[in-house]
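# Descriptive analysis of the structure
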Amino acid sequence: MPPYMILVNRDHPLNPYYIPPDLTEPNIPFYAPGNDPRRLLHPAAASAAEQLFESAHQNKIYLWGISGYRSYERQKELYQAASGRSTVAPPGCSEHQTGFALDVSCASQGYELEESFAFSPEGKWLASHASLFGFIIRYPKNKESITGFPWEPWHIRYIGPEIASCINLTGLTLEELL
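Attention here is on the structure that accompanies the text. (Residues numbered from 1 in each chain as written. Predicted model: local features only at pLDDT ≥ 70, side-chain atom pairs only at ≥ 80, totals over all residues. Heavy atoms only, no water.)

The next subject is the layout of surface pockets. Over the atoms a probe the size of a water molecule is rolled, and this reveals where empty space is left. As a volume, the largest pocket reaches approximately 520 Å³. Lining the largest pocket are 26 residues, and of these Arg70, Thr87, Val88, Asp103 and Glu152 sit closest to its centre. Of all the secondary structure elements, the ones that give two or more residues to the lining of the largest pocket are β1 (64-67), α2 (72-81) and β4 (152-158). When grouped by side-chain class, the residues that make up the lining of the largest pocket number twelve nonpolar, six polar and eight charged. Forming the boundary of the second largest pocket are 19 residues, of which Ala127, Ile137, Pro140, Ile167 and Asn168 lie nearest the centre. Among the elements of the structure, α3 (121-129), β3 (135-139) and α5 (161-170) are those that each provide at least two residues to the lining of the second largest pocket. Here the lining of the second largest pocket takes four residues from β3, the largest share from any one element. Classifying every residue of the lining of the second largest pocket gives twelve nonpolar, five polar and two charged. (1 Å grid on protein atoms, 1.4 Å probe; cavity = no way out; pocket = protein on both sides within 12 Å on 5 of 7 lines; lining within 4 Å. Points joined across faces, edges and corners; volume = space filled by probe spheres on them. Helix = DSSP H or I, 4+ residues; strand = E, 2+ residues; numbered from the N terminus. Nonpolar A, V, L, I, M, F, W, Y, C, P; charged D, E, K, R; others polar.)

Listed below in structure tokens is the structure:
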């Protein structure tokens, strides 16, 4: 099984010491300062993100990377700051720790991660094209009871083009597929 087919959620947490090998910075616009770990992705996801963002740009859609890799310790800080709210993954339960997840936004959304992104031209384009590049909208609307997380139209996850297309066509979640 390819490494990107790893399932990470509250029922399948990562080891606190897990750090993906060979994290790299894709050549995409990021709304994060230089040398920030949020700019890093697994090489397969980084390459696919470059292709996705280039295709978007060719279609006059301007996406921005907001957050890629996130360490266990950083997730722990975010979780504690959120006082354990269910909208924030506990440490070890965030896909960002794998390097295969990327939060995306755009200028019209103020680079924020809000549900309204789904209704923007950028969000609509992302939802209809992400699977062509191996990404899925990981936490779809009305699937909260399956994924354990609320709808996040900005959160994409690399799983390869074949599986992404299957999920896109069937409407299944990664949990249902695996």
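Here the focus is the pattern of salt bridges. Counting across every chain of the model gives eight salt bridges. The shortest N-O distance in the salt bridge between Arg138 and Glu95 comes to 2.6 Å. Of the two residues, Arg138 sits in strand β3 while Glu95 sits in the loop between α2 and β2 (101-105), which places them 43 residues apart along the sequence. Accessibility classification places Arg138 together with Glu95 in one group, the buried group. With its nearest N and O atoms 2.7 Å apart, the salt bridge here joins Glu175 to Arg138. You can see Glu175 sitting in helix α6 (residues 174-177) and its partner Arg138 sitting in strand β3, a full 37 residues away along the chain. (Salt bridge = Lys/Arg side-chain N within 4 Å of Asp/Glu carboxyl O. Buried < 20%, exposed > 50% of the residue type's maximum accessible area, 1.4 Å probe, protein only.)

This part takes up the nonpolar core. Leu52, Leu63, Leu102, Val104, Leu126 and Phe135 are the most contacted members of the largest nonpolar core, which has 33 residues in total. Within the residue set of this core, elements represented by two or more residues are α1 (43-58), β2, α3, β3, β4 and α5. With seven residues, α1 is the single largest residue contributor to this core. Contacts of Leu52, omitting those with residues within four sequence positions, involve Trp125, Leu126, His129, Ala130, Phe133, Phe135 and Ile156. (Core = buried A, V, L, I, M, F, W, Y, C linked by side-chain atoms within 4.5 Å. Contact = heavy atoms within 4.5 Å.)

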